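A look at the structure
Residue strings, one per chain:
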Amino acid sequence: MANIAVPDNPIFNTDMEETTEDTPGSCEEFNSRFAKLLGNDKNLKNAINKNEEISTLVAGQTSITCTLEGLDSNSSISVYADVPGVGYTDIVVDGDNVTVTFEKQEQDIQVKVVVADGMV
């Protein structure tokens, strides 16, 4: 069984034909409806996750700087680390640059910084 293909940048679609007793119950009919719904989900996800970057905080270092487009006063910034219990101590935004500071680490850590529209 194959997955329904969803484009990378679908257009949000609020139109869907109403089903009636005469609507065929075929897989083609349902797949086109599911594709619209999945496309809407992908569109919303794209709108929420404006931008993200994954960087390595090298052992011994205390900060990473990411360049993320689309920052504005409504943006929210989330930081994720691949090591449990590691949290950041500070975030500084300067234009499109986000600097995240951590305590000195004894091992390399993968850090993902996500900028999302705070109004969504």
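Here is what the cut-offs are and how they apply
- Residues numbered from 1 in each chain as written.
- Predicted model: local features only at pLDDT ≥ 70, side-chain atom pairs only at ≥ 80, totals over all residues.
- Heavy atoms only, no water.
- Salt bridge = Lys/Arg side-chain N within 4 Å of Asp/Glu carboxyl O.
- Helix = DSSP H or I, 4+ residues; strand = E, 2+ residues; numbered from the N terminus.
- Pairing = 2+ DSSP bridges.
- Buried < 20%, exposed > 50% of the residue type's maximum accessible area, 1.4 Å probe, protein only.
- Contact = heavy atoms within 4.5 Å.
- Core = buried A, V, L, I, M, F, W, Y, C linked by side-chain atoms within 4.5 Å.
- Patch = residues over 30% accessible without salt bridge, like charges linked within 9 Å, V, L, I, M, F, W, Y side chains within 5 Å.
- Areas by Shrake-Rupley, 256 points an atom, 1.4 Å probe, with all protein chains shown as cover.
- Phe/Tyr/Trp six-rings, centres within 6.5 Å; stacked < 30°, edge-to-face > 60°.
- Lys NZ or Arg CZ within 6 Å of the ring centre and 35° of its normal.
- Axes fitted to C-alpha atoms, helices over the stretch in contact; angles between N-to-C directions.

On to the pattern of salt bridges, then. Within this structure, the stated rule accounts for one salt bridge. Measuring nitrogen to oxygen at the nearest pair gives 3.0 Å for the salt bridge that ties Glu29 to Arg33. Of the two residues, Glu29 and Arg33 both sit in helix H1 (residues 27–48), four residues apart, roughly one turn of that helix.

Turning our eyes to something else, we now look at the pairing of strand S4 (residues 88–94). Sheet topology note: the S4/strand S5 (residues 97–102) ladder contains six bridges and is antiparallel. Residue Val92 lies in a different strand from S5, and its bridge partner there is Thr99. Where S4 hands over to S5, the hairpin turn is made up of two residues, of which Gly95 adopts a positive phi near 70°.

This paragraph deals with the environment of Glu69. Relative to the helices and strands, Glu69 resides in the loop between strand S2 (63–67) and strand S3 (75–81). The exposure class assigned to Glu69 is exposed, which follows from its relative accessible area of 58%. Along the primary structure Glu69 and Val113 are separated by 44 residues, whereas in three dimensions their C-alpha atoms are 12 Å apart. Look past the residues within four positions of Glu69 in its chain and what remains in contact with it is Asn51 and Asp96.

As a further point, take the environment of Val86. Positionally, Val86 belongs in the loop between S3 and S4. Sequence-wise, Val86 and Glu18 are 68 residues apart; in three dimensions their C-alpha atoms are separated by 50 Å. Setting aside chain neighbours within four positions, we find Val86 in contact with Ala81, Phe102, Gln105 and Ile109.

What follows is about the nonpolar core. Formed by 14 residues in total, the largest nonpolar core has its most connected members in Ile64, Val100, Phe102, Val111 and Val113. Of all the elements in the fold, those that place two or more residues in this core are S2, S5 and strand S6 (109–117). The biggest single contributor to this core is S6, with four residues.

To continue, consider a nonpolar patch on the surface. A surface patch of nonpolar side chains, amounting to about 490 Å² of accessible area, comprises Val6, Met16, Phe30, Phe34, Leu37 and Leu38. Tracing the backbone shows Val6 in the segment before H1.

Counted according to the given criterion, the structure contains one aromatic pair. In this arrangement the basic side chain of Lys112 is found over the ring face of Tyr80, its NZ or CZ atom lying 5.8 Å from the centre.

As a further point, take the sheet that holds S5. The strand order across the open sheet built from three strands is S2-S5-S4, with neighbouring strands paired in antiparallel fashion. The sheet is open, and its two edges are formed by S2 and S4, each paired on a single side. Neighbour to neighbour, the strand axes of the sheet diverge by 15° on average, direction disregarded. Across five bridges, the pairing between S2 and S5 is antiparallel. When the bridges of S5 are listed, Thr67 appears paired with Asn97.

Any link to function would need more than the numbers given here.
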